[in-house]
Structure formats: C-alpha cells, structure tokens
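# Results of the structural survey
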Amino acid sequence: MRTSLWFLPCRRSVLSFGSALRGLNVLRHGAPHPGRPRKWVGGLASARPRSRSGRCYPRGGRAERSCPAVDPEQGPGQGSRMLNVPSQSFPAPSSQQRVASGGRSKVPLKQGRSLMDWIRLTKSGKDLTGLKGRLIEVTEEELKKHNTKDDCWICIRGFVYNVTPYMEYHPGGEDELMRAAGSDGTDLFDQVHRWVNYESMLKECLVGRMAVKPALPKDYHEEKKVLNGMLPKSQVADTLAKEGCSSPSYDWFQTDSSVTIVIYTKQKDINLDSVIVDHQDDSFRAEILIKDYSYIIHVELSHEIEEDFSVRVVENVGKIEIVLKKKENASWKRLGHPLENHNSLIPRKDTGLYYRKCRLISKEGVTHDTKLFCLMLPPSTHLQVPVGQHVYLKLTITGTEIVKPYTPVSDSLLSEFKEPVLLNNKYIYFLIKIYPAGLFTPELDQLQIGDFVSVSNPEGSFKISQFQELEDLFLLAAGTGFTPMVKILNYALTNIPSLRKVKLMFFNKTEDDIIWRSQLEKLAFKDKRFDVEFVLSAPTSEWNGKWGHISPALLSEFLKRSSDKSKVLICICGPTPFTEQGIRLLRDRNFSKEEIHSFTA
C-alpha cells in the first residue's frame, strides 16, 4: 500500500528550487531575507549568505545530477532554482507515478493557499521558522516538543524544518504532515517521491540540523589498498549476501589505441538495459543496475578519449566490457582519479538522479493535443530505458528549472513504420500531451529542432521477469496511460514465445483522443494474437463501439483467459480514479497481486 504524497501538490505543480543540500556543512541556499545573513547557533560555524543565482549543476553539455554534492569552494548558496511541475495534476494521468490503490484523499485548499501563494510567501521575507534568521542544532528531545499543528517540526535526512506555516498549503492536508510531527519523517517521505527536492521547497522553513554523535571517518587509505577495482568485502559482500549475489568488481587493461574497462557483476540477468555510461570532458561514469542496487564507476580519466565508445555484455556470466578509444597512442599508468561514489554499491533509491542533455531531433502531431517527440542522446552516452520504466525531463524556463516524469515509447507499433537508419539505442521517443495552460508542456512544444532537454536515468518497478512463461497479457489504459503499454506491446509480441493472447482495452473521452488508433488496428490485423478495444466516455452519436467507464461488465467480457490455468499478467495505467477502480475490480475477480501490475513510482 502506498502512502500519501509528501510536500507534493497534487494539482498543478510542485516547487523545488535548487540542488539538494548535502553534507554537514551545507545547510541553506543563501540568506533567508534580503540583507540578513544566516548564522549558526550553539557553537557552530557561521555561514555567509550566498547568491541565489549561482548554479550547482555542470554547465554546457555536461551531465547533471539532481542532488550533487556541493563544492566546498562554492559554498551552500551556489544552487540553481528548480520547479518540479506537473500539468493539471500530478502524477500525470498517464504517469507511472500514479497511485495504484489506497491513494490519498485530496484536501480542498482555502482561497489564497495555492502553490503559487506558497512561492510568494517564501519570497516575501517573512520569518517562517520563528528563529529570526538563525540556524540551530536540534536534539531529539527538542524535536519531540514541536509536535502540534501550531508548532510542527519535522526531520528529513538530518535536517529539521518548521512546517507549521506550510500546513494550510499542503494538498494532502494537515493530518498527513502531522504523521511525522516532532519526529524523523525520512522513511515516510522516501516511500513516496525521493526525487522531490523538499530541501529547496522548504528552505525558508529550515530550522537547522539534528545533533549527532561524532562518527569515525572512513579510512580512505585503507579502502584504496585494493588492486584496480576490487571492492573490500566489508563494503559489499554483506549488502548482497541477502540477495544471493556476489560482490561486483572491475578491472581495466589497454592496447596502443584503446582502454577497456571490465566490470564483473557475477549476475546472469545483466543486459544492455542494465548499463548506463556517460562521458563528459574528462569525467567517466558507469552505473550498473544490479537488482535494487547501483554499482558505480566514476573517475576523472587520466588521458583524453574519443566521444564514442562501445558497450558489450556477456549475459551468461554478467561481464560488461566498455571500450574507450584513446585520442593519443600513449600508455596510461592509471585509469584516473576517483570521483563521487566511485567503486561503490549503493541502493538505487539513494543514488540520486543523473541527467544528460539530449538534442530534440523531431516532433510530430499524433492527435489534436498529443505529439511524438524524438530526443537524441549525446554520442558520449549509453542509455537504454528498460520496458515499463520512466525518466524525468528537465527544462530551464526563465531561469527556473522544471522537471516532469514521462515514459519513453517506441517510435512506432509497426516495423514498417520504423526508420532503419536511426539507431534505436541513440534515440528516445515520448508521446506527450500538450496542456495549453501548463508550465512545462507548452515550453517543450515551443522548442526548436536542435534545442536541448535534460533526461534523467530511468526509474520504475516493472521487471521483464514478469513476462516469463506468460500466456495471456491484458492491458488497461486510459488516455496517455497508454504510454507504458507501447514498449510492453512491442516486447511481448516479439520476445515471449509462450504468449498466446494480448488484449488492450483503451479508454478515452472522444475518438479524436485515441493515440495511434490506426497503428493499433493494423497491428491487430497483422498479429492475430493481439486485439484492441476502444472505450469512449463522451462519444458522438456516430460512435458504434463501446462507451462508458471501467466497470465489472466491461472487464468480465474482456478478461477471458486462453485456458483455465494460463499464466496471466494485467497491466493498468491511467488517472488515479481509473487505476484505483480498476485494481478493485480486478481483485474482485480474484486476480492475485502477482497477476496485476499498476504503473506507480
């Protein structure tokens, strides 16, 4: 069961300025009020106010992290502003972030308590912490005292916020915030949306940091007493032992013209989708997805290399080879200097989002309000978004960064529509509905061919293993909830030999809203295993098909197995009411949790 969204307005948009605060010495982005410096209280070092116009992300064509470590030379103020902005509602009706069941109740906000009202309040110079610009060190005993609606402090990742002034602005209602009043709300927050930059959204509410006992620093030199990339067993073995995995490691070798980095995952289910590589300037970063963990290689290379490289996976042993081309035929004495998280195995939920800038190649109309966007990855990036997973797109609009989640699709449902000259692993396609009154999609629609959009690493809980020995696949989609179904359809009809039947029930308001209708009908004609049914909620008098909303009557006819004991998977995606009602109806029909996958974050 998924918990309620935290600090995440479910209508319109989500505020999140700047990069995440990291480290014990980084506690605030700039001064809270014009001309008023921030000071530490209780024996802590003072911090000078910093400009809010600086940027924490690398510029130009560099890859970007959503939560980068702050350069100690820059200080805590060097962060850019960011808005995580959904259009109309968030998660978007088609987004994988939609709640599958047990979603929160939306609380009507009072007049003057919208997101934009909160933004204006945070910029007004009003003291929202009650500490007159001071930052303090908070003990557990002190935190527990602030546990009422009129005096509510919450700790998230070691930082304490006075959320009292935010109570009336929280779309989930006061009661949801009160669940963590006077306590550590980190776990509750992480269950929902770890990508939300709450630190920036609530930066004017920052009280200070939690008082902690001194911790012994890691022995850096001891950790480096290993050959090349062999990780100390103490770092990794215990982490993966419970998963039945062996510790990953890496090594490298060279010829006159190339350097090959070899990563030993010791996993049999590793494929090209599991490997993400980014090379920007001298920085080389490889992230290997191993179950719920990321193994990261991150170095500043000792010599220059060419932009393009190759990635090869030996799937039966889980070995990955990344071949880099030298710019000069010189012998390398070392691979390079270790950078952030180098040679580490980290839970994926803790790695943060890593961005790279992709070029807009094309955009074409699909329906009256939906377009197909094609983005090209940099030549120095290897990224293949797995089936059923999503990424985040980021644009800078009038100096403010805006982020939205989208599920990549295939360029077409039919092979004859595909352009053989385009290398699929260098292009990412998105079906995106344009909301004229929105903040993000109109700006995206205004981009010219050749402009750039930042694209994050993929996220999502869907596993290809769910297709194993599958016989019947049923897809329930509403509106742009169709997007995750595109790759699922392509993959299932191409790669599952046991598959007998695939059925899609596609809900829309009108005929004009149906995405890729002719392609779906042609696919059904071409592949007899596939069948599609269109259901409209507001049809014209000429419509001869099915109409209405998701219901027991529609599903009873639709969900017919090919045999009594056939293995079944049902995927569902759409607006929250659609998804929640669909889940209830499916469970009423005695489908198990293992047989139902709803696309949620």
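Structure report, in brief. From a predicted model like this one, the values you see are computed outputs, not experimental measurements.

## Some thoughts on the overall build of the protein chain
Along the protein chain, the regular secondary structure elements total twelve helices and 32 strands. Considering the protein chain as a whole, with its 601 residues, one finds that 56% of them fall into the buried category. Across the protein chain, contacts joining residues at least 24 apart in sequence account for 75% of those joining residues at least 6 apart. Carbon and sulfur atoms make up 49% of the accessible area of the protein chain, which amounts to about 27,300 Å² in all.

## Things to note about a negative patch on the surface
Taken together, the side chains of Glu140, Glu141, Asp184 and Asp187 present a region of like negative charge at the surface. Relative to the helices and strands, glutamate 140 is located in helix 2 (residues 140–145).

## Some details on the pattern of salt bridges
Inspection of the entire model under this criterion finds 21 salt bridges. Where lysine 371 meets aspartate 445, a salt bridge forms, and the shortest distance between an N and an O atom there is 2.7 Å. Of this pair, lysine 371 sits in strand 21 (residues 370–376) while aspartate 445 sits in helix 8 (residues 441–446); the two residues are 74 residues apart in sequence, bridging distant segments of the chain. Look at lysine 371 and you get partly exposed, because its relative accessible area is 25%. Lysine 546 serves as the salt-bridge partner of glutamate 557, at 3.6 Å between the closest nitrogen and oxygen. Of this pair, glutamate 557 sits in helix 11 (residues 552–558) while lysine 546 sits in strand 30 (residues 546–547), placing them eleven residues apart in sequence. Note on glutamate 557: relative accessible area 44%, which makes it partly exposed. Several salt bridges converge on common partners, so that one network encompasses Lys503, Glu533, Lys546 and Glu557.

## Focus on the packing of aromatic side chains
The description of an aromatic ring pair uses the distance of the two centres, along with the angle that the planes make with each other. Applying the stated criterion across every chain yields a total of nine aromatic pairs. When the centroid spacing of 5.4 Å and the interplanar angle of 65° are considered together, the rings of phenylalanine 462 and phenylalanine 467 count as edge-to-face. In terms of burial, phenylalanine 462 and phenylalanine 467 fall into one category: buried. Centroid distance phenylalanine 482 to phenylalanine 506: 4.8 Å. Interplanar angle 20°. Geometry classified as stacked. Here the residue phenylalanine 482 occupies a position in the loop between strand 27 (472–478) and helix 9 (483–495), and phenylalanine 506 occupies one in strand 28 (residues 501–508), the gap between them amounting to 24 residues. A relative accessible area of 0% means that phenylalanine 482 is categorised as buried. Among the aromatic side chains, those forming a connected cluster through ring pairs are Phe462, Phe467, Tyr491 and Phe599. Of note, arginine 285 hangs over the ring of tyrosine 354, and the distance from its end group to the ring centre comes to 4.3 Å. Its guanidinium or amino end placed over the ring of tyrosine 355, lysine 394 lies 3.9 Å from that ring's centre, counting from NZ or CZ.

## A closer look at the sheet that holds strand 30
Within the open sheet, the six strands sit side by side as 30-29-28-27-31-32. Their pairing is parallel. Two strands close off the open sheet at either side, each with one partner strand: strand 30 and strand 32 (596–598). Here strand 31 (residues 568–573) runs beside strand 32; their pairing, made up of three bridges, is parallel. Bridging across to strand 32, cysteine 571 finds its partner in histidine 597. Packing against the sheet, helix 10 (residues 517–526) makes contact with strand 28 and strand 29 (530–536), and its axis sits at approximately 145° to strand 29. The strands that helix 12 (residues 576–588) touches are strand 27, strand 28, strand 31 and strand 32; relative to strand 31, the one it contacts most, it runs at about 155°.

## A closer look at the sheet that holds strand 16 (residues 305–314)
By definition, the strands of a sheet pair up through backbone hydrogen bonds, in either a parallel or an antiparallel sense. Ordered in space as 11-12-17-16, the four strands form an open sheet in which the pairing is antiparallel. Of all strands in the sheet, those bounded by a partner on one side alone are strand 11 (249–254) and strand 16. Averaged over all pairs of adjacent strands, the angle between their axes in this sheet comes to 20°, without regard to strand direction. Here strand 12 (residues 258–264) runs beside strand 17 (residues 319–326); their pairing, made up of seven bridges, is antiparallel. Bridge pairing links valine 262 to glutamate 321 in strand 17.

## Focus on helix 12
Taking 1.5 Å of rise per residue, 13 residues should cover 18 Å, and helix 12 covers 18 Å from first to last C-alpha, within 8% of that figure. Along helix 12, the residues that are buried comprise Thr576, Phe578, Thr579, Glu580, Gly582, Ile583, Leu585 and Leu586. If you follow the buried residues of helix 12, they end up packed against strand 27, strand 28, helix 11, strand 31 and strand 32. At the exit of helix 12 stands asparagine 590, carrying a positive phi of roughly 70°.

## Notes on helix 10
Among all positions in helix 10, only Gln519, Leu520, Leu523 and Ala524 are buried. Buried residues of helix 10, viewed axially, fall in a sector of 135°; they line one side. For helix 10, the elements touching its buried residues are helix 9, strand 28 and strand 29.

## A word on the environment of lysine 291
Along the chain, lysine 291 falls in the loop between strand 14 (283–290) and strand 15 (293–301). In this structure lysine 291 comes out as partly exposed when scored by relative accessible area, which is 35%. Through-space distance from the C-alpha of lysine 291 to that of glutamine 267 is 9.4 Å; in sequence the pair is 24 residues apart.

## Details of the side chain of glutamine 519
One can find glutamine 519 in helix 10. Engagement of the side chain of glutamine 519 in a polar contact is seen with the side chain of serine 412, the distance being 3.0 Å.

## So, the pairing of strand 24 (residues 400–406)
Most of strand 24 is tucked away: seven of the seven residues are buried. Taking every second residue as pointing to the same face, both faces of strand 24 are buried, with Thr400, Ile402, Lys404 and Tyr406 on one and Glu401, Val403 and Pro405 on the other. Strand direction decides the pairing type here: strand 23 (residues 391–397) and strand 24, joined by seven bridges, are antiparallel. For lysine 394, the partnering residue across the bridge sits in strand 24 and is valine 403. Between strand 23 and the antiparallel strand that follows it, strand 24, lie two residues; threonine 398 among them carries a positive phi value of about 45°.

## Focus: the pairing of strand 15
Strand 15 sits mainly inside the fold: eight of its nine residues count as buried. Between strand 14 and strand 15, which follow one another and run antiparallel, lie two residues, and lysine 291 among them has a positive phi close to 55°. Two strands pair when backbone bridges link them, and strand 15 and strand 19 (residues 344–347) are joined in this way by four bridges, in the antiparallel orientation. Residue tyrosine 293 lies in a different strand from strand 19, and its bridge partner there is proline 347. As defined by bridge partners, strand 15 adjoins strand 18 (residues 336–338) across three bridges and the pair is classed as antiparallel. Bridge pairing in strand 18 places glutamate 300 opposite histidine 337.

What counts, and at which threshold
Residues numbered from 1 in each chain as written. Predicted model: local features only at pLDDT ≥ 70, side-chain atom pairs only at ≥ 80, totals over all residues. Heavy atoms only, no water. Helix = DSSP H or I, 4+ residues; strand = E, 2+ residues; numbered from the N terminus. Buried < 20%, exposed > 50% of the residue type's maximum accessible area, 1.4 Å probe, protein only. Contact = heavy atoms within 4.5 Å. Areas by Shrake-Rupley, 256 points an atom, 1.4 Å probe, with all protein chains shown as cover. Patch = residues over 30% accessible without salt bridge, like charges linked within 9 Å, V, L, I, M, F, W, Y side chains within 5 Å. Salt bridge = Lys/Arg side-chain N within 4 Å of Asp/Glu carboxyl O. Lys, Arg positive; Asp, Glu negative; His and termini not counted. Charge placed at Lys NZ, Arg CZ, Asp CG, Glu CD. Phe/Tyr/Trp six-rings, centres within 6.5 Å; stacked < 30°, edge-to-face > 60°. Lys NZ or Arg CZ within 6 Å of the ring centre and 35° of its normal. Pairing = 2+ DSSP bridges. Axes fitted to C-alpha atoms, helices over the stretch in contact; angles between N-to-C directions. Expected span 1.5 Å × (residues − 1). Arc of directions from axis to C-beta. Polar contact = N/O pair within 3.5 Å; in protein donor to acceptor, adjacent residues only side chain to side chain.

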